[in-house]
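# Descriptive analysis of the structure
Now for the letters of each chain:
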Amino acid sequence: MPDGLPSNGRIAAAFDLLGDLLELEGAVRHRVLAYRRGAARVRAAGESVARMALEGRATSLPDIGPTLQAKVVELAETGTMAALDKARARVPEGLVAVARLEGIGPKRAMALHTHLGVRGTADLRAAVDTGRLADVPGMGRRTAEALAAQLAGLGPDGVSADQRVSLGVALPLAESLVRDLREEPGVLRAEVAGSLRRGRETVHDVDVVVAAEDPAAVFAALERSLLVERVLSGGEARRAVMTHRGVRVEVAVAPPARFGNLLQHATGSAAHNVRLREMAVRRGWSVSEHGITREDGALDVHADEDGVYAALGLRTPPPELREDRGELAQAAGDVPWPDLLRVEDLRGEVHVHTTWSDGTASVARMAEAAAARGYAYLGIADHSQNLAMAGGLSADRVRRQWEEIEAVNAAMEGRIRVLRCTEMDILADGRLDWDDDLLAGFDVVTASLHSALGRPGPEVTARLLEAVASPHVDIIGHPTGRMLERRGHAAVDIARVAEAAAATGTLLEINSQPRRLDLDSDMARIALEAGACLVVSSDAHNPDALELVRFGVIVARRAGARAADVANTGPWEALVCPGAPRRAAP
Ligand SMILES: [Zn+2]
Ligand SMILES: [Zn+2]
């Protein structure tokens, strides 16, 4: 395309916006539709519509008449569209996003503009927050509540703030869908693929691959699934659907004979697959989801992924390591893969909450649940006094809790050891929330940041370094304080913290809560490279949440962690910082 010509996407966006603004103004329906249909045609056109219009040929496209063609010419020649500029001057563009909110529509959006001066979602949010919505005719309290919920998920420009979803949300959803598909007659295999199979902490969408001869039957079953809200797009062997949870799922189907090729391809990563294709090209072969084409043109298909790698002279890399970090070179040699951490390797954990602070179960119930998982120990780590809003304990209540822990230990008759632990706040000024006296009474101490996380990086890092340096602190809990979908990492210099932790023997936590997953796998890898050791915790606030460690284990695997890199694969004493001034074991 010659320089400067507007792309089809840009033209289509201009038509769409013009249609939306006209609709807000109450223009007759057919004018609005004319722009929307035109936008769809332009977007789908195979060649440059700007060039076609300049040559007078754009009217050969359905739905593009002389009026729309003239507007494309105008946009191509002047870079602007007068009709659009005028409409923008009459109606604030931000109202388009407002009108798209559920329960609003163009009429109500204009009413909000006329009555409250709302010009976009940010104004609307302020109007909802201050209760001014009631001043607009037809806006009840329920509309306001529904809006508040929708607005919470939007960025300032009215588009969804973060389309990425936590592994802890996406994986159970994908597994449930896969289980349903496996029930279908004709389905031989169904597997999670894509970034989710590689254990990414957050994903844009979910990939599922299915082995079946008849894709149509698989898609019919998919569309019947209660998880699925609507179909987004489809092809002969592929279907994309939106789930009610707002997670996009793409299902691809291959005949069983080449399921391995599809699974390998759909697992990625893109960088891994590019490298794999480069290796194949050197032999004069090519690799795709359909199979491996040899130099003589023969197509080589595989029912299993191992077959695909073996055909290329490679051992199958663990999915979590397929990020083009040298894994294919290793796959070509005979250095064994690291024995990555498994859930079964964990012998206990020391970060769970009970009704003493903000948990929903007693010490005894948490202990029972942990014993049922086969754990040798469980550390009760309720919040410290500073975290009053989460029921932080006073020193007095800590001592009373210790009595209860001893009673539960007696009742458990050796089936599990319940430990006196704490999740102690690191205060805003870097001091610890408990004094040395009390600290010496705990078995294992986790120190966490819960406040002043938005401070400059050096300040937050200094607070963590101070906690690492304390002989009382054994573990740093959720080291960066991130909350997925709410706030990013605090600006922690994780390499410095990890170096210090490696020197003192302080452990760094991978917190398995789906909204945390903190450390993330990149940071956990940095920590391991610095020589630090990790601990994987559920941070459970109820017995079922002990399960969540499976997500933390996935993060650890992606970081390349083996059982030996994770302290709670050993006895609980391995979690105590060397030289910690502690009470004698009873
Ligand atoms: Zn915490
Ligand atoms: Zn916690």
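Going along each chain's sequence as written, the residues are numbered from 1 onward. To label them, take the chains in the order written and letter them from A, then take the ligands in the order written and number them from 1. Given that the model is predicted, a residue must reach a pLDDT of at least 70 before its local features are reported, and side-chain atom pairs must reach 80 or more before they are shown or counted; all residues, however, enter totals for whole chains, interfaces and linings. Excluding hydrogens and water, the side-chain figures rest on all heavy atoms present in the structure.

## Here's the deal with the overall build of the protein chain
Strands are runs of DSSP state E lasting at least two residues, helices are runs of H or I lasting at least four, and both sets are numbered from the N terminus onward. Looking only at helices and strands, one finds 23 helices and 17 strands in the protein chain. Dimensions of the protein chain, computed from C-alpha atoms along their principal axes, come out at roughly 90 × 75 × 45 Å. With a 1.4 Å probe rolled over the protein chains alone, any residue whose accessible area is under 20% of its type maximum counts as buried; one over 50% counts as exposed, and the rest are partly exposed. Counting all 586 residues of the protein chain, 52% fall into the buried class. Here a residue-residue contact requires only that any non-hydrogen atoms of the pair lie within 4.5 Å. Looking at the protein chain alone, contacts between residues at least 24 apart form 66% of all its contacts between residues at least 6 apart. Working note: accessible area of the protein chain is about 25,600 Å², and carbon and sulfur atoms make up 51% of it. Once the 69 positive and 82 negative side-chain charges of the protein chain are each reduced to a mean point, those two points are 5 Å apart. Per-residue accessibility takes into account occlusion by the displayed protein chains alone, with areas from the Shrake-Rupley method and a 1.4 Å probe. We score Asp and Glu as negative and Lys and Arg as positive, and we do not count His or the chain ends. Think of each charge as sitting on NZ of Lys, CZ of Arg, CG of Asp or CD of Glu.

## Side note on the side chain of Arg 258
Mapped onto the secondary structure, Arg 258 falls in the loop between β7 (248-254) and α13 (259-267). Counted as salt bridges are all cases of a side-chain nitrogen of Lys or Arg within 4 Å of a carboxyl oxygen of Asp or Glu. An unpaired buried charge is present at Arg 258: no salt bridge exists, and Glu 289, the closest side chain of opposite charge, is 5.4 Å distant.

## Examining the environment of Leu 226
One can find Leu 226 in the loop between α12 (215-224) and β5 (228-234). Given a relative accessible area of 78%, Leu 226 falls into the exposed group. As a C-alpha pair, Leu 226 and Leu 177 span 49 residues in sequence and 9.4 Å in three-dimensional space.

## Overview of the layout of surface pockets
Remark: the empty space left among the atoms is shown by a probe the size of a water molecule rolled over them. In this structure, the second largest pocket encloses a volume near 380 Å³. A 1.4 Å probe that fits but cannot get out identifies a cavity on a 1 Å grid over protein atoms alone, an open set with protein on both sides within 12 Å along at least five of seven lines counts as a pocket, and a residue lines either if it has an atom within 4 Å of a point. If you trace the second largest pocket, you find 17 residues lining it, with Leu 171, Glu 175, Val 192, Leu 196 and Arg 197 closest to the centre. Mapped onto the lining of the second largest pocket, the elements with two or more residues apiece are α10 (167-182), β2 (187-193), α11 (194-197) and α23 (549-558). Counting residues per element, the lining of the second largest pocket draws most heavily on α10, which supplies five residues. Residues that form the lining of the second largest pocket fall into these classes: seven nonpolar, one polar and nine charged. Grid points are joined across faces, edges and corners, and a volume is the space filled by probe spheres set on the points. Polarity classes work like this: nonpolar for Ala, Val, Leu, Ile, Met, Phe, Trp, Tyr, Cys and Pro, charged for Asp, Glu, Lys and Arg, and polar for all others, with Gly in that last group.

## Focus: the pattern of salt bridges
If the charged atoms of two oppositely charged side chains come close together, the side chains can form a pair. All chains considered together, the criterion is met by 35 salt bridges. Residue Arg 322 is joined to Glu 305 by a salt bridge in which the shortest nitrogen-to-oxygen separation is 2.8 Å. Of this pair, Arg 322 sits in the loop between α15 (305-311) and α16 (327-332) while Glu 305 sits in helix α15, and the two are 17 residues apart along the sequence. Look at Glu 305 and you get buried, because its relative accessible area is 8%. Here Arg 558 and Glu 323 are joined by a salt bridge, their closest N and O atoms 2.9 Å apart.

## Here's the deal with the sheet that holds strand β10 (residues 299-300)
A pair of strands is considered paired only if DSSP assigns at least 2 bridges between the two. One open sheet accounts for three strands, arranged β8-β9-β10; its pairing is antiparallel. Strands at the two margins of the open sheet, each flanked by one partner only, are β8 (286-288) and β10. Pairing between β8 and strand β9 (residues 291-293): three bridges, direction antiparallel. By the bridge assignment for β9, Ser 288 is matched with Gly 291.

## Let's talk about the coordination of the zinc ion (ligand 2)
Bound to the zinc ion (ligand 2) on the protein side are His 351 (NE2), His 353 (NE2), Glu 423 (OE) and Asp 539 (OD), at distances that span 2.1 to 2.2 Å. Coordination at the zinc ion (ligand 2) is irregular, judged from the four donor atoms that bind it and the angles of 81 to 167° they form at the metal. Between the two metals, the zinc ion (ligand 2) and the zinc ion (ligand 1), the spacing is 3.5 Å, and Glu 423 donates to both. Pair noted here: His 353 is in the loop between β11 (348-352) and α17 (363-372) and Asp 539 is in the loop between β17 (533-537) and α23, with a separation of 186 residues, a long-range link. The same class applies to His 353 as to Asp 539, namely buried. Here a donor is an N, O or S atom found within 2.8 Å of the metal, or within 3.2 Å if the metal is Na, K or Ca; sites may look incomplete because water is not among the atoms. Only four donors with every angle between 85 and 135 degrees are called tetrahedral; only four or six donors with opposite donors over 155 degrees apart and all others between 65 and 115 are called square planar or octahedral, in that order; all others are irregular.

## Examining the side chain of Asp 382
Take Asp 382: it is sitting in the loop between β12 (377-380) and α18 (395-412). Of the side chains bearing the opposite charge, Arg 397 lies closest to the buried Asp 382, which forms no salt bridge; the N-O distance is 7.6 Å. At 2.7 Å, the side chain of Asp 382 forms a polar contact with the side chain of Thr 354. In protein, a polar contact requires one atom able to donate a hydrogen and another able to accept it; more generally it is a pair of N or O atoms within 3.5 Å, and residues adjacent in sequence count only if both atoms are side-chain atoms. Within the structure, the side chain of Asp 382 is placed 2.7 Å from the side chain of Gln 401, a separation counted as a polar contact. In contact with Asp 382, not counting residues within four places along its chain, are Val 352, His 353, Thr 354, Trp 356, Ser 357, Leu 393, Gln 401, Cys 421, Thr 422 and Glu 423.

## Let's talk about the coordination of the zinc ion (ligand 1)
Ligation of the zinc ion (ligand 1) by protein atoms is provided by Glu 423 (OE), His 450 (NE2) and His 478 (NE2), these donors lying 2.1 to 2.2 Å from the ion. Among the residues examined, His 478 registers a relative accessible area of 1% and is labelled buried.

## Thoughts on the nonpolar core
Buried Ala, Val, Leu, Ile, Met, Phe, Trp, Tyr and Cys residues form a nonpolar core when they are joined through side-chain atoms within 4.5 Å. Grouped together as the largest cluster of nonpolar side chains are 98 residues, with contacts concentrated most on Leu 196, Val 210, Ile 416, Leu 508, Leu 519, Leu 534 and Val 536. Here this core takes eight residues from α10, the largest share from any one element. Sequence-distant contacts of Val 210, that is, excluding residues within four places in its chain, are made with Leu 181, Val 187, Arg 189, Ala 190, Val 218, Val 251, Ala 252, Val 253, Ala 254, Phe 259 and Leu 262.

## So, the packing of helix α1 (residues 8-25) against helix α2 (residues 29-44)
To get an axis, a line is fitted to the C-alpha atoms, and for a helix only the part in contact is used. The angle between two axes follows their N-to-C directions and goes from 0 to 180 degrees. α2 packs onto α1 with a crossing angle of 165° between their chain directions and a minimal axis gap of 8 Å. With respect to α2, the element α1 is oriented roughly antiparallel. Note that α1 runs across α2; the crossing there is left-handed. The residues of α2 that touch α1, namely those facing Asn 8, Ile 11, Ala 12, Ala 13, Phe 15, Asp 16, Leu 18, Gly 19, Asp 20, Leu 22 and Glu 23, are Arg 29, Arg 31, Val 32, Tyr 35, Arg 36, Gly 38, Ala 39, Val 42 and Arg 43. The class makeup of the residues in the contact of α1 with α2 is 10 nonpolar, three polar and seven charged. Here the angle decides the label: under 35 degrees means roughly parallel, over 145 means roughly antiparallel, 65 to 115 means roughly perpendicular, and every other value means oblique. Crossing chirality is assigned from the near helix's rotation relative to the far helix, an anticlockwise turn below a right angle marking it left-handed and a clockwise turn marking it right-handed.

## Focus: the sheet that holds β2
Taken together, five strands build an open sheet; the order of strands is β2-β4-β7-β6-β5 and the sheet is mixed. In the strand order of this sheet, the two ends are held by β2 and β5, each with one partner. Averaged over neighbouring strand pairs, the angle between their axes works out to 25° when direction is ignored. Sitting on the sheet, α10 touches β2, β4 (205-212), β6 (238-243) and β7, and the angle it makes with β2 is about 170°. Each of β2, β4 and β7 touches α13; the most contacted strand, β2, lies at about 15° to it.

## Some thoughts on α18
By this rule the span expected of a helix is its residue count minus one, scaled by 1.5 Å. Compared with an ideal rise of 1.5 Å per residue, which puts 18 residues at 26 Å, α18 spans 26 Å between its outermost C-alpha atoms and is within 8% of the ideal. Residues of α18 that are buried sit in contact with α17, β12, β13 (417-425) and α19 (436-439). Positioned one or two residues after α18, Glu 413 has a phi angle of 50°, which is positive.

Treat this as a map of the structure, not an account of what it does.
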